[in-house]
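# Secondary and tertiary structure notes
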Amino acid sequence: MPTTSRLKVAVISGGSSGIGLACARVLLQRGHRVVLLARDADRLARTAAALDPAQAGRVDVLAFDVAEAGGAQEAIAKVEARHGRIDWLITAAGIVEPGLFRDLDLADHRAQMEINYFGTLHLIRAALPVMRRHGGRITLVSSGAAFIGIAGYSGYAPGKFAVRALAEILRVELACEGISVSVAFPPDTETPQLDGERPKRPLVTRLVSEQGGVMTAQRVAESMIAQAERGAFVLAPSRTIALLARFHSLYRPVLAWQQRRILARDSGRRPES
């Protein structure tokens, strides 16, 4: 039988960089033990070594691919064997490959759905049997792009819309089991992923995304964790995202009109009404 940790244990996918790593830093400061999950074992090891040496005894790492359901099961089994519990699961692993629908390969669509949605699903399914024994928190990381259709994100946004839907359902189904569910909607966040994405964005995607502003990963993580601890379901790190979460149905036709004009101008065609 595993020895149950006296510390609360947070398991974080996408933990080697970006929002996942920033969440780990916040929870370490709050006294949690953190288990960082990511695909690249070498990068995970470097990440762990770069954290505060005083916290090194509370950091564990596991390398696996969230797109593989069996890998998620094996990783959670190792977490249980080492620590005996999971108090907070944060599913921050994700990828983005922007591009207009006509230009994206089917493989680009499939890869983003596999990691962004199924990677989230695999990890939650694996962790639930452990969490059901004592309750805890699950925080799914979606995106500001999950509220409204943004041209150039036909491969990315559907998975994030699906994560949002999954969170809404799990919130209802797991409430009676003592598991609190929340879902985060970060705006553009300064991460290595954003650095790689920016040069690939079509003009319309860039112009729309700029309206949402940019935050540091640390600010996003601090806001997410604080809101989740207060019991919020929708975790909106910025005022713009908070307004979008509340009024996206009203803003949708306005943004659609704006995007059609940008696309038409960019192609030299007359915009449709």
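Details of the structure are given in the entry above.
Note that this is a predicted model, so its numbers are computed, not measured.

Our next topic: the overall build of the protein chain. A tally of helices and strands in the protein chain yields nine helices and nine strands. What you see for the protein chain is a C-alpha radius of gyration of 19 Å, in line with the 19 Å of a compact globule of 273 residues. In the protein chain, the share of contacts with a sequence separation of at least 24, taken over all contacts with a separation of at least 6, comes to 73%. When the accessible surface of the protein chain is split by element, carbon and sulfur atoms take 52% of a total near 13,200 Å². The centroid of the 35 positive side-chain charges in the protein chain is displaced by 6 Å from the centroid of its 26 negative side-chain charges.

Before going further, it helps to examine the pattern of salt bridges. Per the stated rule, a full pass over the model turns up 13 salt bridges. A salt bridge links aspartate 60 to arginine 82, with the nearest nitrogen and oxygen atoms 2.9 Å apart. With a gap of 22 residues between them, aspartate 60 in strand β3 (residues 59-63) and arginine 82 in helix α3 (residues 69-83) connect regions that are remote in the sequence. Exposure remark for arginine 82: the relative accessible area of 42% places this residue in the partly exposed category. A salt bridge links arginine 201 to glutamate 197; its shortest N-O distance comes to 2.9 Å. Per residue, the accessibility class of arginine 201 equals that of glutamate 197, and both read buried. Where salt bridges share partners, they join Asp188, Glu197 and Arg201 into one cluster.

Moving on: the side chain of threonine 139. Here threonine 139 is to be found in strand β5 (residues 136-141). One polar contact links threonine 139 to tryptophan 88, side chain to side chain, over a distance of 3.0 Å. In terms of polar contacts, threonine 139 uses its side chain to reach the side chain of serine 182, at 2.9 Å. Apart from residues lying up to four places away in sequence, threonine 139 is in contact with Trp88, Leu89, Ile90, Thr91, Ser182, Met224, Ala228 and Leu235.

Definitions and cut-offs
Residues numbered from 1 in each chain as written. Predicted model: local features only at pLDDT ≥ 70, side-chain atom pairs only at ≥ 80, totals over all residues. Heavy atoms only, no water. Helix = DSSP H or I, 4+ residues; strand = E, 2+ residues; numbered from the N terminus. Rg over C-alpha atoms; globule rule 2.2 N^0.38 Å. Contact = heavy atoms within 4.5 Å. Areas by Shrake-Rupley, 256 points an atom, 1.4 Å probe, with all protein chains shown as cover. Lys, Arg positive; Asp, Glu negative; His and termini not counted. Charge placed at Lys NZ, Arg CZ, Asp CG, Glu CD. Salt bridge = Lys/Arg side-chain N within 4 Å of Asp/Glu carboxyl O. Buried < 20%, exposed > 50% of the residue type's maximum accessible area, 1.4 Å probe, protein only. Polar contact = N/O pair within 3.5 Å; in protein donor to acceptor, adjacent residues only side chain to side chain.

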